[in-house]
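Report on the structure
Now for the letters of each chain:
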Amino acid sequence: MKKTYGYRLRTYLNATHAMRWENSDGATHPHTWEIICKVRQNNDDEFLRFNEIEAAIQEVVTPLQGRLLNNVAPFTEINPSLENLGDYFFDEIDAHLQNLDCYLEQLEIGESPTRFFRVTRGEQ
């Protein structure tokens with residue numbers, strides 16, 4: 001039997017946003033987004049320290065804490081929707097994890113306890 005190993009880490013983003021509609025912007029409102037990252041190593045023979053993975057994730061999340069996301073690139077150009085946030089975080093966190101010889105397998109982001117969006121790495 002071959003085993004594979006990975007990590008599952010959870011963090012939170014406290015920020016505000018306003019959805020853009022065709023004729024106007026919605027109301028600015030806050031969220032505490034829950035972000036769950038499933039991380040896999042390129043080499044299953046070694047274990048990573050949780051704090052190294054957490055630090056890489058925080059490099060992406062921390063600059064957005066407390067911000068109005070509509071004023072932060074790329075959300076100045078694209079709608080700061082749950083789906084676009086998930087796509088952005090997947091790409092950015094995955095890029096930061098490359099320095100640790102691991103990758104993001106899946107990211108889930110929720111704007112409430114009942115609403116989550118998931119991005120999963122496809123076949124390469």
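Presented here is an overview of the structure given in this document.

Thresholds applied
Residues numbered from 1 in each chain as written. Predicted model: local features only at pLDDT ≥ 70, side-chain atom pairs only at ≥ 80, totals over all residues. Heavy atoms only, no water. Helix = DSSP H or I, 4+ residues; strand = E, 2+ residues; numbered from the N terminus. Buried < 20%, exposed > 50% of the residue type's maximum accessible area, 1.4 Å probe, protein only. Contact = heavy atoms within 4.5 Å. Polar contact = N/O pair within 3.5 Å; in protein donor to acceptor, adjacent residues only side chain to side chain. Expected span 1.5 Å × (residues − 1).

Let's shift gears to the environment of Arg-40. Within the secondary structure, Arg-40 sits in strand E2 (residues 29-41). When its relative accessible area of 16% is taken as the criterion, Arg-40 is described as buried. When sequence neighbours within four positions are dropped, the list of residues in contact with Arg-40 reads Thr-4, Tyr-5, Gly-6, Cys-102, Tyr-103 and Glu-105. A distance of 3.1 Å separates the side chain of Arg-40 from the backbone oxygen of Tyr-5, its partner in a polar contact. Reaching out from Arg-40, the side chain makes a polar contact with the side chain of Glu-105 at a distance of 3.5 Å.

Below, the discussion takes up helix H2 (residues 82-97). Taking 1.5 Å of rise per residue, 16 residues should cover 22 Å, and H2 covers 22 Å from first to last C-alpha, within 8% of that figure. Here H2 has its buried residues at Leu-82, Leu-85, Gly-86, Tyr-88, Phe-89, Phe-90, Ile-93, Asp-94 and Leu-97. Elements in contact with the buried residues of H2: strand E1 (6-17), E2, helix H1 (50-61), strand E3 (102-112) and strand E4 (115-120).

That's the geometry; what it means functionally is another story.
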